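Geometric and topological summary
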Amino acid sequence: MNTVAFHTLGCKVNQYDTQAMLEKFRQAGYAVVPFSGKADVYVVNTCTVTGTGDKKSLQLTRRLRRLHPDSEIILAGCLAQRMGEKLLETGARLIIGTQRRQEVVTLLEKAVREQIQICAVNGLTASTPFENLTIADQEDHTRAILKIQEGCNNRCTYCIIPSVRGPIRSRPMEEIRQEARRLADAGFTELVLTGIHLSSYGKDLHDGTTLLDAIRAVQDTPGVKRIRLGSLEPTIATSEFSAGLAACDKVCPQFHLALQSGSDTVLARMARRYNTAMYLTAARNLKAAFPMAAFTTDVLTGFPGETEEEFHQTADFIRLIGYAKIHVFPYSPREGTPAAVMPGQLNNAEKERRARELIAIGEETARAYRESWLHKETTVLLEEEKNGLWMGYTPEYIPVTLPACPACFSGAMVPVRLTALTEDGMTGEMIIDQNGKEDDHV
């Protein structure tokens with residue numbers, strides 16, 4: 001065996017875990033090839049946050065077995081953690097959950113050598129350590145994910161994740177510093193700090209360490225120009241936390257504040273740890289520190305018992321916050337969660353209708369947010385050139401296209417004036433100084 005291909009479903013944490021496993025295979029002498037072609041080994045990093053994630057993971061596995069009967073299959077990640085040995089029925093050679101990814105090559109080669117299937121899924125407890133996965137590269141040449149936290153203690157009534165990711169575990173600060181340095185040395189100018197429940201960072205260390213300390217450690221890393229944060233709980237965004245973020249000049253003012261519902265009664269049934277008043281306070285705290293902040297979020301519609309009035313409360317709250325982008329998901333029952341057996345389960349057609357309406361509202365607020373940037377100046381981190389145009393992102397994660405120029409290259413941060421709206425982003429022009437030259441890169 002000398003070729004391996006990867007496919008990742010789900011979140012940024014999964015993307016990080018995939019990259020860590022990929023690098024383990026490279027270190028063992030495997031060549032990484034496209035997933036769409038022939039490979040000796042296929043690794044599917046699965047997702048189980050929704051029924052759709054389960055379905056995609058299993059369909060993909062069956063297709064691989066049909067198209068490549070002589071290849072080995074590894075199923076990793078959240079669905080693998082949840083189903084464990086049941087997935088051996090797929091014919092996968094190795095089932096590996098949300099731990100032991102460092103051993104992925106060793107376990108595979110043992111299974112092949114002994115012509116057996118291995119299920120390497122361990123239970124997750126409070127004593128389970130943070131698995132020290134590391135990466136030094138990513139497909140994106142400008143932005144890299146830096147995983148600093150694992151697990152969740154919240155036990156929301158709809159969510160299966162605590163049972164497949166375990167309780168909260170924080171990455172040691174020195175490991176964060178080391179990986180930030182490695183990624184900066186590899187040329188990544190923007191690092192995305194991520195975790196399953198990022199806001200919980202440090203709580204298990206019992207020494208007063210907080211998420212702000214981790215952010216400051218990355219802020220102090222030479223070569224890092226931008227720090228972007230993964231999903232945050234509204235409860236973390238106090239005025240003190242917001243001011244602490246503002247003191248870190250590399251932090252991007254784009255905040256993914258978890259919402260799920262804009263109805264207090266639905267939030268209570270979800271067992272979320274905030275209400276809409278607390279959420280609004282959090283958004284205002286961040287706005288006070290970052291006046292042009294972009295807010296993004298996830299919304300779960302069609303939760304059991306969600307009335308038409310509760311649905312409209314969510315729609316109104318989305319308009320009130322004025323999100324730059326929202327992700328809307330129809331509620332999907334997860335076996336083993338309290339919400340799966342709650343009364344008032346809505347049919348799929350109704351959930352889809354509500355999702356469509358919220359998506360349309362989200363598109364309206366996103367356009368209004370971009371309009372607020374018209375003719376303003378900002379910086380754009382350039383990523384790639386296509387058809388004579390460069391594409392990149394502002395600190396607020398607005399996609400921007402601008403004409404190519406001799407000074408443009410991937411990874412450059414250039415001063416830009418935003419000139420017009422596109423379907424899902426904006427166009428811009430390089431800012432020219434008084435001598436007729438493009439301003440220096442940041």
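Going by the structure above, here's the rest.
These notes cover the structure that comes with them. (Residues numbered from 1 in each chain as written. Predicted model: local features only at pLDDT ≥ 70, side-chain atom pairs only at ≥ 80, totals over all residues. Heavy atoms only, no water.)

Here the structure, examined in full by the defined rule, presents 9 aromatic pairs. With 5.9 Å between their ring centres and 75 degrees between their planes, Phe6 and Phe25 make a pair best called edge-to-face. Linking Phe6 in strand β1 (residues 3-8) with Phe25 in helix α1 (residues 12-27), this pair joins segments that are 19 residues apart in sequence. We note that Phe6, like Phe25, is buried. Residues Phe25 and Tyr30 carry aromatic rings whose centres are separated by 5.0 Å and whose planes lie at 90 degrees to one another, so their mutual orientation is edge-to-face. Exposure class is identical for Phe25 and Tyr30. Each is buried. Connected via pairs of aromatic rings, a cluster forms that spans Phe6, Phe25 and Tyr30. The ring of Phe311 carries Arg353 above its face, with NZ or CZ at 5.8 Å from the centroid. (Phe/Tyr/Trp six-rings, centres within 6.5 Å; stacked < 30°, edge-to-face > 60°. Helix = DSSP H or I, 4+ residues; strand = E, 2+ residues; numbered from the N terminus. Buried < 20%, exposed > 50% of the residue type's maximum accessible area, 1.4 Å probe, protein only. Lys NZ or Arg CZ within 6 Å of the ring centre and 35° of its normal.)

Before going further, it helps to examine the packing of helix α8 (residues 239-246) against helix α10 (residues 276-289). For the pair α8 and α10, the least separation of the axes is 9 Å and the interaxial angle reads 30 degrees. Considering their axes alone, α8 and α10 lie roughly parallel with respect to each other. Note on packing geometry: the crossing formed by α8 with α10 is right-handed. Within the contact between the two elements, α8 uses Ser239, Ser242, Leu245 and Ala246 and α10 uses Asn285, Leu286 and Ala289. (Axes fitted to C-alpha atoms, helices over the stretch in contact; angles between N-to-C directions. Parallel < 35°, antiparallel > 145°, perpendicular 65-115°, else oblique. Left-handed = near helix turned anticlockwise from the far one by under 90°. Contact = heavy atoms within 4.5 Å.)

Right, let's get into the nonpolar core. Most often, soluble globular proteins keep nonpolar side chains buried together rather than apart. Ranked by internal contacts, the top residues of the largest apolar core, which has 69 residues, are Leu245 and Phe255. When residues of this core are assigned to their parent elements, the largest contribution, 6 residues, is made by helix α7 (residues 211-219). Among residues more than four places away in sequence, those in contact with Leu245 are Leu212, Ile215, Leu229, Val251, Phe255, Leu286 and Phe290. Membership of the second largest hydrophobic core comes to 20 residues, among which are Val4, Tyr30, Val43 and Ile74. (Core = buried A, V, L, I, M, F, W, Y, C linked by side-chain atoms within 4.5 Å.)

Counting buried residues along strand β9 (residues 190-195), 6 of its 6 residues qualify, which places the element largely inside the surrounding structure. Alternating residues of β9 divide into Glu190, Val192 and Thr194 and Leu191, Leu193 and Gly195, and every residue in both groups is buried. Bridge count for strand β7 (residues 143-150) against β9 is 6 bridges, and the pairing is parallel. Within β9, the position partnered with Gln149 by the bridge is Gly195. (Pairing = 2+ DSSP bridges.)

Phi at Arg100 takes a positive value of approximately 65 degrees, unusual for a residue other than glycine. Position of Arg100 relative to the elements: it lies in the loop between β5 (94-96) and α4 (104-114). The partly exposed category is assigned to Arg100, whose relative accessible area is 25%. The backbone of Gln115 sits at a positive phi, close to 50 degrees, despite the residue not being glycine. For Gln115, the location among the structural elements is in the loop between α4 and β6 (118-120).

Moving on: the environment of Val41. Note on placement: Val41 falls in strand β3 (residues 41-46). The spatial distance from the C-alpha of Val41 to the C-alpha of Lys55 is 21 Å, given a sequence separation of 14 residues.

Read around the closed barrel, 5 strands run β14-β15-β16-β18-β17, paired in mixed fashion. On average, each strand axis in the sheet is tilted by 50 degrees relative to the strand beside it, whichever way the strands run. Of the pairings in the sheet, the one linking strand β16 (residues 399-403) to strand β18 (residues 426-430) comprises 2 bridges and is parallel in character. From the neighbouring strand, Thr401 faces β18, where its bridge partner is Thr427.

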